[in-house]
Amino acid sequence: MISRLSSVVRLSSVSSTLPLPVNGVDKILSAKLNRSYSESLSSLSASDETPVLDITDSCVRQIHKIAGSGSFLRVLIESGGCSGFQYKFELDKDVGEDDLVFEKEGAKVVIDCDSLKLIGGSVIDFHSELIRSAFRVLNNPKAEHGCSCGASFNIKL
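Anyway, here's the lowdown on the structure attached to this text.

How each quantity is defined
- Residues numbered from 1 in each chain as written.
- Predicted model: local features only at pLDDT ≥ 70, side-chain atom pairs only at ≥ 80, totals over all residues.
- Heavy atoms only, no water.
- Helix = DSSP H or I, 4+ residues; strand = E, 2+ residues; numbered from the N terminus.
- Buried < 20%, exposed > 50% of the residue type's maximum accessible area, 1.4 Å probe, protein only.
- Contact = heavy atoms within 4.5 Å.
- Areas by Shrake-Rupley, 256 points an atom, 1.4 Å probe, with all protein chains shown as cover.
- Phe/Tyr/Trp six-rings, centres within 6.5 Å; stacked < 30°, edge-to-face > 60°.
- Core = buried A, V, L, I, M, F, W, Y, C linked by side-chain atoms within 4.5 Å.

**A few points about the overall build of the chain**
- Along the chain, the regular secondary structure elements total three helices and ten strands.
- Scanning the chain from its N terminus toward the C terminus, one meets helices and strands in the order β-α-β-α-β-β-β-β-α-β-β-β-β.
- Looking at the 157 residues of the chain, the share that counts as buried comes to 38%.
- Restricting to contacts in the chain with at least 6 residues of sequence separation, those with at least 24 account for 57%.
- If you sum the accessible surface of the chain, you get close to 9,100 Å²; carbon and sulfur atoms cover 52% of it.

**Quick word on the packing of aromatic side chains**
- Overall, the coordinates contain four aromatic pairs when judged by the stated rule.
- The interplanar angle of 35° and the centroid separation of 5.9 Å between the aromatic rings of Phe89 and Phe135 together place this pair among those described as tilted. Of this pair, Phe89 sits in strand E4 (residues 85–92) while Phe135 sits in strand E8 (residues 133–138), placing them 46 residues apart in sequence.
- Chaining the aromatic ring pairs together yields one cluster made of Phe85, Tyr87 and Phe153.

**What about the nonpolar core?**
- With 26 residues, the main nonpolar core has Ile63, Ile119, Ile124 and Phe153 as its most contacted residues.
- When neighbours within four sequence positions are excluded, Ile124 is seen to be in contact with Leu53, Asp54, Ile55, Thr56, Cys59, Leu73, Val75, Phe89, Ile119, Arg136 and Val137.

Given below as structure tokens:
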């Protein structure tokens, strides 16, 4: 189930700059990356159909286990990581006006519209193994490559 705070979801414009060091060669690289980043984001603009996120049963169980009353899992995409963009997960209680809420069996996953442009169609999962347990994004149709640990990705241009 997807819910919106208002009848129209406001898609804020995406900044055309990346937080890169700006000196010498980095300035040229920054300009090229910013242009590619802006062009790729404009191709990911919202259509009439809102992209969805699938939530696995293990993710639902873990949200119920760790989230207090009124809390939900927030998924964010930030620039950084070893592949260009990184997934970030945190517990939150405040839903913003540009957020979409995805719900399965009472467990809520919230994502802002700009981040959804970069992972729409993905699966949000919780995976536990001997050396670590973490939320993760699987099958991101907008990712070209990812790092080996799965925490960051590079968008398809």
